[in-house]
Each structure stands twice: as structure tokens, then as C-alpha cells.
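Single-letter residue listing:
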Amino acid sequence: MEYTETIRQIISRYDLLKDKYRSKHFGQHFLCDQSLLDKIARCALPFDDADIVEIGPGPCGLTRSIIGLCKTNKVYCIEKDYTLEQLHRNVLDGVSNCHIIYGDALKIIPQSLTPSKIIIISNLPYNVGTQLLINWLLNLRNIERMVLMFQKEVADRICASPCTKEYGRLSIISQLLCRVEKLFPVSRLAFYPQPQVNSFVIRLTPKNAEIKNIDNLQKLTQYCFQHRRKMINSILRYYYNESNIELILRKCAIEKTVRPEEISPLKFLELSQYLDI
Ligand code: SAM
């Protein structure tokens with residue numbers, strides 16, 4: 001499909017930079033380089049028979065790239081800023097496979113939009129990016145993969161290895177449930193208006209791993225990373241009633257003197273199965 005207007009022209013025609021409220025409350029920092037947007041969308045291929053869910057289409061730069069790669073796939077976009085409705089109607093005029101839902105992505109379960117498998121693609125708004133990812137991780141049913149752009153520091157935490165300062169709860173839950181790949185950085189200079197921070201595109205592919213008691217794991221990692229420099233033995237003794245903490249650690253082959261930041265995601269999972277909240 002040929003588009004007559006560039007994203008920059010759309011932004012200026014609809015005066016999207018008029019008030020700072022938009023960038024502050026909706027995280028509206030737009031990418032205008034269509035080749036960069038195409039590159040992000042291509043990272044989510046193959047689409048096969050999945051439908052696509054995009055969070056925050058804004059002026060539709062990424063949406064256009066996604067549509068350009070679709071065959072019979074449908075595209076569902078969730079946009080919180082309903083004042084963009086007229087823009088969407090005009091920009092997507094004649095596009096029949098794209099539906100915009102106006103609402104808060106934090107309150108909409110992506111699987112409720114279609115019975116098909118889904119691929120989530122988004123240049124996420126910074127202020128809700130982490131919470132959205134956690135929501136999706138806790139319900140990965142029908143999600144084939146996710147290609148997401150985050151603030152670089154958040155992407156670093158998602159992909160971090162043990163023994164680094166970025167390693168923590170987000171790394172553990174993300175890596176237990178998904179294969180995570182850091183794809184490429186996006187400079188803050190690529191956005192319009194420019195944010196204060198740089199970004200990174202990552203891909204998460206669900207592993208179909210089943211975590212039996214995710215609440216146990218969440219609590220354990222919460223306790224541990226509140227005290228990331230303390231020894232695991234003393235953290236567990238403080239929070240759990242179990243009299244046999246040392247035995248449990250031995251069963252999991254975890255040294256009692258190691259610190260939470262040294263324990264791998266799989267070891268955390270194993271440990272959580274022995275400890276009740
Ligand atoms: N997709 C465009 C791009 O790549 O240039 C815009 C991305 S901009 C970083 C984030 C978009 O998410 C904005 O359009 C904003 O209005 C929207 N947004 C912010 N918070 C949202 C939420 N809670 N639910 C749905 N959309 C949201």
C-alpha cells in the first residue's frame with residue numbers, strides 16, 4: 001500500500017507536539033524513520049497465521065510497517081489516547097485488516113481480542129512498559145512472540161545474567177518463561193520529540209515452561225532482591241519458618257553463603273518449590 005504522507009507530516013498535520021502533556025502522560029515519543037520501523041516489524045516475522053497486537057500506534061508509523069508484512073493476518077491496536085481517533089481514521093483509510101481499540105492496554109487482555117495465536121509488537125510507552133510485560137508474562141496463552149522496545153535500562157534488566165548489577169526479579173521471571181534476545185539499540189535522537197533516555201528492541205519467545213507456583217517464586221525473589229548483597233541463608237531464615245533451610249539449600253545445590261544476584265533463574269525456581277509463602 002502506498003502512503004502519501006510521512007510520519008513527520010502526520011505528526012505536524014495533527015499537531016501532536018502541541019502540548020507536553022502527551023509525551024508526559026502517554027509517553028508519546030514517535031519514531032519517524034520508516035526503515036527503522038520496518039526493521040522492528042520484521043523482527044517479529046514469521047507471522048504465519050497469527051494475528052498481531054500493537055500497543056500504542058500513535059501516528060501509525062509502526063502500524064504501517066506491520067500492515068505491510070501482513071498476508072491474511074489481522075492487526076489489533078490498543079491506543080489510550082482517544083483524541084487520535086480522527087488521525088487513525090484518515091491514515092488507515094482503506095486498510096481493512098487493522099482495528100483500533102481505544103483503552104488502557106493495562107486493562108485489556110490481548111488474548112481477548114482474537115481466538116488466534118498472537119504476536120505482540122510495540123514501541124512501548126516508557127511509564128507502563130514493565131507492568132505490561134509482567135501482565136503478559138503471567139498469561140502467555142496463545143502468545144507466539146513479542147518484539148518490544150523498552151528504555152535501554154529496562155531492556156538490560158530483562159536480559160541480564162547473574163552476577164551483574166542489572167540482574168534481578170525482572171530478569172528471572174522473563175528468562176524462566178521466555179527466550180530473551182537483545183536485538184538492537186535505538187538512540188533517543190531517533191524520536192520526535194526526543195526523550196531523555198535511549199531505547200533497545202528485544203524479542204521474547206515463550207518457552208511453554210510451566211511454573212507451578214508462581215506466587216512462591218515472586219515472593220522469594222521479592223525477599224531476596226530487597227537484600228541482594230546479603231547471604232541467601234540469612235535472608236531465608238529471616239522470612240521463612242522452615243527449620244531446615246540449610247537442608248533445602250543443599251538439596252538445590254546452592255551454597256548457603258551465595259548472594260541472590262549469584263543465583264540463576266532455574267535455581268530460584270527450584271528453591272521456590274521447597275518454600276511456602
Ligand atoms: N507506535 C508509535 C511509534 O512507534 O512511534 C508510538 C509509540 S509511543 C512511544 C507510545 C504510544 O502508546 C502512544 O501512542 C501513546 O498514546 C500510547 N499509550 C500510552 N500509554 C498507553 C496505555 N496505557 N495503553 C495503550 N496505549 C498507550
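This brings us to the nonpolar core. Ranked by size, the top nonpolar core spans 55 residues in total, and within it Met146 and Leu271 carry the most contacts. Here this core spans two domains, since at least three of its residues come from each of domain 1 (7-206) and domain 2 (214-274). With sequence-adjacent residues up to four places away left out, Leu271 is seen in contact with Leu220, Ile232, Leu236, Ile248, Leu249, Cys252 and Ile254. Core analysis: the next-biggest nonpolar cluster, separate from the first, contains 37 residues, Ala44, Leu84, Leu87 and Val91 among them.

Moving on, we get to the site of the ligand. Neighbouring the ligand are 19 residues; Gln28, Gly56, Glu79, Asp104 and Asn123 lie closest to it. Within the side chain of Gln28, a nitrogen or oxygen atom sits 2.9 Å from an oxygen atom of the ligand. Within the side chain of Asn123, one N or O atom sits 2.9 Å away from an oxygen atom of the ligand. Alone, the ligand offers 600 Å² of accessible surface; in the complex the protein occludes 98% of this. If you list the elements that add at least two residues to the shell around the ligand, you get β1 (30-31) and β3 (75-79). Partitioned by chemical class, the residues of the shell around the ligand number 7 nonpolar, 7 polar and 5 charged.

The next subject is the domain arrangement of the protein chain. Taken domain by domain, the protein chain comprises domain 1 (7-206) and domain 2 (214-274). For domain 1 versus domain 2, the distance between C-alpha centres works out to 34 Å. Taken together, the 13 residues of domain 1 in the interface contact 16 residues of domain 2. Carbon and sulfur atoms make up 69% of the area that domain 1 and domain 2 hide from each other, which totals about 1,200 Å². Together, Tyr167, Arg169 and Leu176 form the three largest contributors to the area buried by domain 1 at its contact with domain 2, with a combined 49%. Our enumeration of links across domain 1 and domain 2 arrives at 0 salt bridges. Where domain 1 packs against domain 2, one counts 7 residue pairs in polar contact (both at pLDDT 80 or more).

As a further point, take unusual backbone geometry. Geometrically, the link from Leu45 to Pro46 is a cis peptide bond, its omega value of 0° lying close to zero. Inspection of the secondary structure puts Pro46 in the loop between α3 (34-42) and β2 (51-55). Cis rather than trans, the peptide bond between Tyr192 and Pro193 has omega equal to 0°. Mapped onto the secondary structure, Pro193 falls in the loop between β8 (191-192) and β9 (199-206). In this model, Asp48 sits at a positive phi of 45°, which is unusual for a non-glycine residue. The topology assignment puts Asp48 in the loop between α3 and β2.

Here we take up the sheet that holds strand β6 (residues 143-151). Spatially, 7 strands are ordered β4-β3-β2-β5-β6-β9-β7 in an open sheet, and the strand pairing comes out mixed. This sheet does not close on itself; its edge strands, each paired only once, are β4 (98-102) and β7 (178-186). Strand after strand, the sheet turns through a mean of 20° between neighbouring axes, direction not considered. In this fold helix α6 (residues 129-137) packs onto β2, β5 (118-123), β6, β7 and β9, with an angle of close to 165° to the strand it touches most, β6. Together, β6, β7 and β9 form the strand contacts of helix α7 (residues 152-159), whose direction differs from that of β6 by roughly 135°.

Further remarks concern the packing of helix α8 (residues 169-177) against helix α12 (residues 265-272). Viewed as axis vectors pointing N to C, α8 and α12 meet at an angle of 90°, and their least axial separation amounts to 9 Å. Taken together, the axis directions place α8 and α12 in an arrangement best described as roughly perpendicular. Packed against α8, whose contacting residues are Ile172, Gln175 and Leu176, the element α12 presents Pro265, Leu266, Phe268 and Leu269 at the interface.

Moving on, we get to the pattern of salt bridges. Summed over all chains, the structure comprises 13 salt bridges. Among the ionic pairs, Glu5 bridges to Arg13, the shortest N-O distance being 2.8 Å. Within this structure, Lys152, Asp156 and Lys182 form a network of salt bridges that share partners.

Thresholds applied
Residues numbered from 1 in each chain as written. Predicted model: local features only at pLDDT ≥ 70, side-chain atom pairs only at ≥ 80, totals over all residues. Heavy atoms only, no water. Core = buried A, V, L, I, M, F, W, Y, C linked by side-chain atoms within 4.5 Å. Buried < 20%, exposed > 50% of the residue type's maximum accessible area, 1.4 Å probe, protein only. Domains from an automatic or database assignment. Contact = heavy atoms within 4.5 Å. Near = heavy atom within 4 Å. Polar contact = N/O pair within 3.5 Å; in protein donor to acceptor, adjacent residues only side chain to side chain. Areas by Shrake-Rupley, 256 points an atom, 1.4 Å probe, with all protein chains shown as cover. Helix = DSSP H or I, 4+ residues; strand = E, 2+ residues; numbered from the N terminus. Nonpolar A, V, L, I, M, F, W, Y, C, P; charged D, E, K, R; others polar. Buried area = accessible area lost by both parts, 1.4 Å probe. Salt bridge = Lys/Arg side-chain N within 4 Å of Asp/Glu carboxyl O. Pairing = 2+ DSSP bridges. Axes fitted to C-alpha atoms, helices over the stretch in contact; angles between N-to-C directions. Parallel < 35°, antiparallel > 145°, perpendicular 65-115°, else oblique.

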